[in-house]
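Reading the structure
Each chain, written out:
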Amino acid sequence: MAAIEVRGLERAFQGGVKAVRGVALEVAEGEIYAFLGPNGAGKTTTVRMLTTLLRPTGGSARVAGHDIVREAPAVRRAIGVALQEAALDPLMTGRELIHLQATLHRLPRAEARARADELLARVGLEYAADRRVGTYSGGMRRRLDLASALVHEPRVLFLDEPTTGLDPVSRKTIWDEVRALNRAGTTVFLTTQYLEEADQLADRVGIIAQGRIVAEGTPRELKAQVGKPHLEIAIADGEVERAREVVGRLGRALPPKDGLVLVELDGGAAQVAPVVRALDEAGIAVESLQLVEPTLDDVFVAKTGRHLEGDGAGEAAGGAGEERAEQPAEA
Amino acid sequence: MAGLVANARVVASLGARSVRQTFRRPQLAAPIVVFPSLLLAVQTGGAGGAVNLPQFPEVNGFLDFMLAGAMIQSCLLAGNSGGIALAVDLEMGFTDRLFVAPVSRYAIVLGRLAGTAALGAISAIYYVVVGLIFGVTYEEGVGGVALMVLWVTLAAVAFGSIAAAIALRTGRASVVQGMFPMIFVILFLSTAFFPAELMQEPAATVAQYNPLSFVVAGVRDPVVSVVTGAGALKAFASIAGFAALGLGLSALAMRRRLRLG
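In this report, the structure presented in the accompanying data block is examined.

1. Quick look at the interface of chain A and chain B
Accessible area lost on assembly of the parts is the figure often given for the size of an interface. Contact residues are listed per partner, giving 39 residues for chain A and 28 residues for chain B. Of the roughly 3100 Å² buried between chain A and chain B on both sides combined, carbon and sulfur atoms contribute 53%. The largest share of the area that chain A buries against chain B comes from Leu91(A), Leu104(A) and Arg106(A), three residues that together contribute 21% of it. Connecting chain A to chain B are five salt bridges. For Asp145(A), the salt bridge goes to Arg97(B), with nearest N and O atoms at 2.6 Å. Secondary-structure elements contributing two or more residues to the side of chain A that touches chain B are helix 2 (72-78), helix 3 (94-104) and helix 5 (138-149) of chain A.

Here it is as structure tokens:
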């Protein structure tokens, strides 16, 4: 049984704006699925529907085997949720927050206390457990948010942009924790606008733009759709044509660019050494070389004609409108 | 039964959080203690001679008369502060954390109101002690004081439910905060700070029929006179009316919020 099954999910807001337009996906038990897309693509709206915070205006979905509309309480018992920007009460202490979360999930008092200690230690916050959340850094808040989502050992964990705005060290800490949870059997559905996050963490990636999934697969499959890795080789003057001839025996030589010899390699990094050896044996001096692999951004560009990261990422695929900025309309 | 117990635990936990939050955020606590205390001090000090006016009710002192007004002002503001805090929770997304938990979503509002009730009781006890320190005589003794605390606690819940409805409907703390002036208008158009007999028309008529005046009378009677069945019934009916209005509107606002997301 799939942990998450989504069929034609839709959500319209006031003025007829459709933030999610017929999303369909399946996440297997024990999988990490990343929903990748820019701000306004419909990621958060989808997560809010799957976590029963928002009713769909079309389609259906099942989470942990339960329908998100008809069996919402059962869905809520099975899931853990860490929402965007860690909505934590700055006046509570970390320990109080975990206790409250444990009460919400009906853990007996003694078990709640033990679980709070365990989770705070697990995310490295035991030293700050009795400090108010308002004094926590962004990374600490995210870790606390993650810990609170785990209090009842959920089968499916939803993480909405878990590392947005975090420094690289905090980001890596969150990634490590997500991997550890997944190894322990938790299914993870995360949204992100970071290519690297999807690439590093996810078993499968769904790319969403303007409320629709435009591509889905493992990171490797997706990248393979837009091309093969190629090697860019800088060599001594006058040797370009001869070098093309040599590397052409090992892969498909591409037209030179800016004086660089380009060769597409089916085997990727594994084929770099043979190319270097062949050039060396031919007496061609290599000044530098770089293996260029397709990225998920290339996939995004290929599917949408726009870049996901960098310039104007926030608006890149905008238009659909995230629900936070929208006034809801009657369903 | 297990579900009921679980929801009761949630209500208690959220109520405790609400009380802690109020004491940790001075801007939520100040309206409950500081403003009514200041008004009580200023009015008692400056207008104490009013007790000598013809038609002023028989009281031992102006503070005896004013104490009920301060208590009702405090519980009105406690209710409003609870509404503001709920709206802040909605604004910062904290309620989403509660809404994705497997508990009744109405328990979440009841938790907030449980906190408001506790604050109402605390403020009532505080003003009873203030009264004792400054020489107020409680004509109905300990039983009367207990009744005062009960009325103020229930009134805090009732007023809090109206503020909660506004918070749930709008999701904006600034809107709930904007109710402050309205609270003072309603207070001054009741018998909280002045007897209806000495007011000019049309304020006198409005005060006479303002349900808040019946609540004030219910809190004031144990201090200045005797508790009567009719007075207690009017106080209870008024509080129940406010509560029915507030809880009904809160339920509607909650349903709308859950439907629309």
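Following the structure, the description resumes.
2. A word on the pattern of salt bridges
Tallied over the full model, the rule gives 25 salt bridges over all chains. With a closest N to O distance of 2.8 Å, Arg17(B) and Asp89(A) form a salt bridge. Of this pair, Arg17(B) sits in helix 1 (residues 2-24) while Asp89(A) sits in the loop between strand 6 (79-82) and helix 3, on two different chains. With a shortest N-O distance of 2.9 Å, Glu96(A) and Arg24(B) are connected by a salt bridge. Of the two residues, Glu96(A) is situated in helix 3 and Arg24(B) in helix 1; the pairing between them involves two chains. By relative accessible area, which is 18% here, Glu96(A) ends up buried. Connected via shared salt-bridge partners are Asp89(A), Arg17(B), Asp89(B) and Arg112(B).

3. Examining the sheet that holds strand 14 (residues 286-292) of chain A
Whether parallel or antiparallel, the strands of a sheet pair through hydrogen bonds between backbone atoms. Residue and element names in this part refer to chain A. Spatially, four strands are ordered 12-13-11-14 in an open sheet, and the strand pairing comes out antiparallel. The sheet is open, and its two edges are formed by strand 12 (252-257) and strand 14, each paired on a single side. Direction aside, neighbouring strands of the sheet carry axes that sit 20° apart on average. As paired elements, strand 11 (residues 230-235) and strand 14 share six bridges and run antiparallel to each other. Within the sheet, the bridge partner assigned to Ile-235 lies in strand 14 and is Val-286.

4. Some words on the sheet that holds strand 4 (residues 58-63) of chain A
All names here are of chain A. Read across the sheet, four strands follow the order 2-1-4-5 without closing on themselves; strand pairing throughout is antiparallel. The open sheet terminates on both sides in strands that have one partner only, identified here as strand 2 (18-28) and strand 5 (66-67). Relative to strand 1 (residues 2-12), helix 1 (residues 43-50) is tilted by about 120°, and along the sheet it contacts strand 1, strand 2 and strand 4.

5. A few points about the packing of helix 9 (residues 240-247) of chain A against helix 10 (residues 272-281) of chain A
Residue and element names in this part refer to chain A. Between helix 9 and helix 10, the shortest axis-to-axis distance is 10 Å and the interhelical angle comes to 130°. The angle between helix 9 and helix 10 falls in the class oblique. In this structure, helix 9 meets helix 10 at a crossing whose hand is right-handed. Judged by residue contacts, Ala-243, Val-246 and Val-247 of helix 9 engage Val-275, Ala-278 and Leu-279 from helix 10. Considering only residue class, the contact of helix 9 with helix 10 consists of six nonpolar, no polar and no charged.

6. A few points about helix 4 (residues 109-122) of chain A
Residue and element names in this part refer to chain A. Between its first and last C-alpha, helix 4 extends 20 Å over 14 residues, near the 20 Å set by a 1.5 Å rise per residue. Residues of helix 4 that are buried: Ala-112, Arg-115, Ala-116, Leu-119 and Leu-120. Along the axis of helix 4, the buried positions cluster into a sector of 125°, meaning they face one direction only. Contact partners of the buried residues in helix 4: helix 3 and helix 5. The positive-phi residue at the C-terminal boundary of helix 4 is Gly-124, with phi of around 70°.

Definitions and limits used
- Residues numbered from 1 in each chain as written.
- Chains lettered and ligands numbered in written order.
- Predicted model: local features only at pLDDT ≥ 70, side-chain atom pairs only at ≥ 80, totals over all residues.
- Heavy atoms only, no water.
- Contact = heavy atoms within 4.5 Å.
- Buried area = accessible area lost by both parts, 1.4 Å probe.
- Salt bridge = Lys/Arg side-chain N within 4 Å of Asp/Glu carboxyl O.
- Helix = DSSP H or I, 4+ residues; strand = E, 2+ residues; numbered from the N terminus.
- Buried < 20%, exposed > 50% of the residue type's maximum accessible area, 1.4 Å probe, protein only.
- Pairing = 2+ DSSP bridges.
- Axes fitted to C-alpha atoms, helices over the stretch in contact; angles between N-to-C directions.
- Parallel < 35°, antiparallel > 145°, perpendicular 65-115°, else oblique.
- Left-handed = near helix turned anticlockwise from the far one by under 90°.
- Nonpolar A, V, L, I, M, F, W, Y, C, P; charged D, E, K, R; others polar.
- Expected span 1.5 Å × (residues − 1).
- Arc of directions from axis to C-beta.

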